[in-house]
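Analysis of the macromolecular model
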Amino acid sequence: MNLRRIFSSIVTRLLLLALCIVTLGAVARYYALSHFLREDLSTVVQNQQMALASYVARDVDFKIEQRQALLRRLASSLPAALLQRPAELQAWLRLHCDFQCPFSQGLFVVTQEGRAIADYPPLPGRVGSDFSDRDYISAALSAPARLDRIVIGRPVIGRASKKPVLPMAAALPWRDGRPQGALAGITALAAPGFMDLLLASHIGRPNSGFLLISPQDKLFVASSQPDMVLKPTPPAGINPLHDRAMAGFRGVGITINAKGREEVSAIASVPSTGWFVVARLPSSEAFATVGRAQAFLLKNAVIAILIFGVAAGIGLYLLFRPLFRAASHADRMTRGELPLEPLPLTRNDEVGHLIAAFNRLLNKLNQQQTELARMAHHDALTGLPNRALLSDRLNMALARAQRNERKLGLLFLDLDGFKLINDNYGHKAGDKVLWQAAQRLSGIVRQTDTLARIGGDEFVLLIGDLGADAEDVARIVAAKCLEAMQEPFDIVGEQRQLGISIGIALGGGASSADSLLQAADQAMYRAKKSGRSGCETITL
């Protein structure tokens, strides 16, 4: 069985249809279950991320408020007279900040002009430096500043520590309408006990974790990834959820980050600073369970489809095996390997009914085969051989003539005046005349010769196995044909005389069928031009 037959087999088509239905069902289940799992897991993951972001935001907010409260208390209790005695001022700072000071980079006091006059713990180069260019110092010393107001500065690289720090400052008591100075506290962002939860936490892979963002500064204040600390936030249009968060949105969603990766992000506010915390988790990690479930579904679907395909293929083959055998038997009969006979009938189902119908059709075909063969080679009106049968016999006669070195004659006969009969009496009368002419001509033909009607009122007579007197024999036969047409024809009760023009072509085994027919046709037209009811001869 070749590949074309396999692919065109009804079993193959049914099997493919069944496999397509099963596959479509598996695909539908795959996508439906994947969507359900992703939606369900998305809700759980988003709630978890929001809880984590809120927890970290509250922790950061609490620790900043703790520092603000300490700075406010110290600023309100710092004696103004110590501003003129830096050594005593430094001792006062040591006294109030020696144990468990939350400012990892210490405290320092600046004058009204912004110059540091005392710090604790002391850092090289801090005392005497001008801090008036720092935003938190200038804001604390500005006119609207109040004693209870704590200014949180922009996170920067510390001038003394050279590390990322968060500065804050409070104005000292006023005199003459302005603060006498400011008390500043500096905390390293990576200091223990400050942003531990945010900086050290990774949820899943390195691309996850937390971000602390200052929207007013458009700055990453802190991050679980050290390379992002104090870096500017991405421009608008890169991350849609980030753009909404910068505009005030607080909540959770799925977005595409600046690196083009999908992630689940939850945003929670840090009220004391106006900042917000972002808890990030890559979708590949968040929905890893969905991926594993999809792989499980896909693997089992493939196995199930293979098992179904094998089982269905075997079942369909057993079901259609009688049909295959019948088709093979019929195919061998068409190739002539077996005689045409009814196919064996083994079942009474639809396949059996089909085989029984085929057997009935075969019987009818056998009955009509002989009739069809006769009709294919004979003229329907006269019963004479047609052009096809004449061509076969002419080729056979030429082959015999070549073997036996004999000659043959071909007589082309055309009735004279037949068109007038069709025009005056109709085609029915013309058909009757043609039938009568065929009967008359058949009476003078030998059994070994062939008289054929090749169209209209044209007849051809093939005479084979002629010797040296081929022309004489052909003319004798032509004379008999002329004589047969002498008797009038009965046409609708009238007696009409018809003549016949005959062209004779003589040839041997070297001649061709076409050349003989053309020569006989030319000779017939010569006969017509010579006065009709005569004959002309052409020898090839």
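Everything below is about the structure shown above.
Notes on the structure follow.

Calculation criteria
Residues numbered from 1 in each chain as written. Predicted model: local features only at pLDDT ≥ 70, side-chain atom pairs only at ≥ 80, totals over all residues. Heavy atoms only, no water. Helix = DSSP H or I, 4+ residues; strand = E, 2+ residues; numbered from the N terminus. Rg over C-alpha atoms; globule rule 2.2 N^0.38 Å. Buried < 20%, exposed > 50% of the residue type's maximum accessible area, 1.4 Å probe, protein only. Areas by Shrake-Rupley, 256 points an atom, 1.4 Å probe, with all protein chains shown as cover. Lys, Arg positive; Asp, Glu negative; His and termini not counted. Charge placed at Lys NZ, Arg CZ, Asp CG, Glu CD. Phe/Tyr/Trp six-rings, centres within 6.5 Å; stacked < 30°, edge-to-face > 60°. 1 Å grid on protein atoms, 1.4 Å probe; cavity = no way out; pocket = protein on both sides within 12 Å on 5 of 7 lines; lining within 4 Å. Points joined across faces, edges and corners; volume = space filled by probe spheres on them. Nonpolar A, V, L, I, M, F, W, Y, C, P; charged D, E, K, R; others polar. Pairing = 2+ DSSP bridges. Axes fitted to C-alpha atoms, helices over the stretch in contact; angles between N-to-C directions. Contact = heavy atoms within 4.5 Å. Arc of directions from axis to C-beta. Parallel < 35°, antiparallel > 145°, perpendicular 65-115°, else oblique.

Moving on: the overall build of the protein. In terms of helices and strands, the protein carries 14 helices and 20 strands. Taken over the C-alpha trace, the protein has a radius of gyration of 57 Å; the compact-globule value for 540 residues is 24 Å, which it surpasses by more than 25%. Once the C-alpha set of the protein is aligned to its principal axes, its extents read approximately 165 × 60 × 50 Å. Among the 540 residues that make up the protein, the fraction classed as buried is 44%. Per element, the accessible surface of the protein, about 28,600 Å² overall, is 57% carbon and sulfur. Side-chain charges in the protein split into 60 positive and 48 negative, and the spacing between the mean points of these groups amounts to 10 Å.

With the rule as written, the count across this model stands at two aromatic pairs. Measuring from centroid to centroid gives 5.2 Å for Tyr30 and Tyr31, while their planes differ by 90°, and the two rings are edge-to-face. Their ring planes at 35° and their centres at 4.6 Å tell us that Phe108 and Phe131 sit as a pair that is tilted. Taken together, the residues Phe108 in strand E1 (residues 107-111) and Phe131 in the loop between strand E2 (116-120) and helix H4 (135-140) connect sequence positions 23 residues apart. With a relative accessible area of 1%, Phe108 lands in the buried category.

It is the rolling of a water-molecule-sized probe over the atoms that shows where space remains empty. One pass over the structure, following the stated rule, counts one cavity of 30 Å³ or more. Volume-wise, the largest cavity comes out at about 140 Å³. What lines the largest cavity is a set of 16 residues, among which Phe131, Tyr136, Gly158, Arg159 and Ile186 lie closest to the centre. Breaking the lining of the largest cavity down by element, the ones donating at least two residues are strand E4 (156-157) and strand E5 (164-171). A class-by-class count of the residues in the lining of the largest cavity yields 10 nonpolar, three polar and three charged.

Attention now moves to the sheet that holds strand E20 (residues 535-539). One open sheet holds the five strands; their spatial order is E15-E16-E14-E19-E20, and the pairing between them is mixed. The outermost strands of the open sheet, each flanked by one partner alone, are strand E15 (450-455) and E20. Averaged over all adjacent pairs, the angle separating strand axes in this sheet is 20°, with direction ignored. Alignment of strand E19 (residues 499-508) against E20, held across five bridges, turns out to be parallel. Within E20, the residue paired with Ala505 across the bridge is Ile538. The sheet contacts of helix H10 (residues 387-404) involve strand E14 (407-416), E15, strand E16 (458-466) and E19, and relative to E16 the element is tilted by about 20°.

This part takes up helix H11 (residues 418-425). Every buried residue of H11 is accounted for by Phe418, Ile421 and Asn422. Taken end-on, H11 shows its buried residues confined to a sector of 95°, consistent with a single buried face. Away from the buried face of H11 by more than 90 degrees, exposed residues Lys419 and Asn424 are located. Buried residues along H11 sit against E14, helix H12 (427-442) and strand E17 (489-491).

Quick look at the packing of H10 against helix H14 (residues 513-529) now. The packing of two helices is summarised by the inter-axis angle and the distance between the axes. With their axes 10 Å apart at the nearest point, H10 and H14 run at an angle of 110° to one another. On the basis of the axis angle, H10 is roughly perpendicular to H14. Taking contact as the criterion, the partners of Leu394, Asn395 and Leu398 in H10 are, on H14, Ala513, Leu516 and Leu517. Looking at the contact of H10 with H14, its residues break down into five nonpolar, one polar and no charged.

Taken across its five residues, E1 has five buried, putting it largely inside the fold. Of the two faces of E1, both are covered, the one formed by Leu107, Val109 and Thr111 as well as the one formed by Phe108 and Val110. Here E1 pairs with strand E8 (residues 181-188) via five bridges, running antiparallel. In the sheet register, Val109 faces E8, and the bridge partner there is Leu183. With four bridges joining them, E1 and E2 adopt antiparallel strand pairing. By the bridge assignment for E2, Val109 is matched with Ala118.

Counted as a void, the largest pocket has a volume near 340 Å³. As for the largest pocket, its lining consists of 23 residues, and the residues nearest its centre are Leu211, Met228, Asn257, Ala258 and Arg280. Grouping the constituent residues of the lining of the largest pocket by class yields 11 nonpolar, seven polar and five charged. Taken as a whole, the second largest pocket spans an internal volume of roughly 240 Å³. Considering the residues around the second largest pocket, the lining is formed by 13 residues, among which Ala26, Val27, Tyr30, Leu297 and Ala301 are closest to the centre. If you list the elements that add at least two residues to the lining of the second largest pocket, you get helix H2 (10-77) and helix H8 (288-334).

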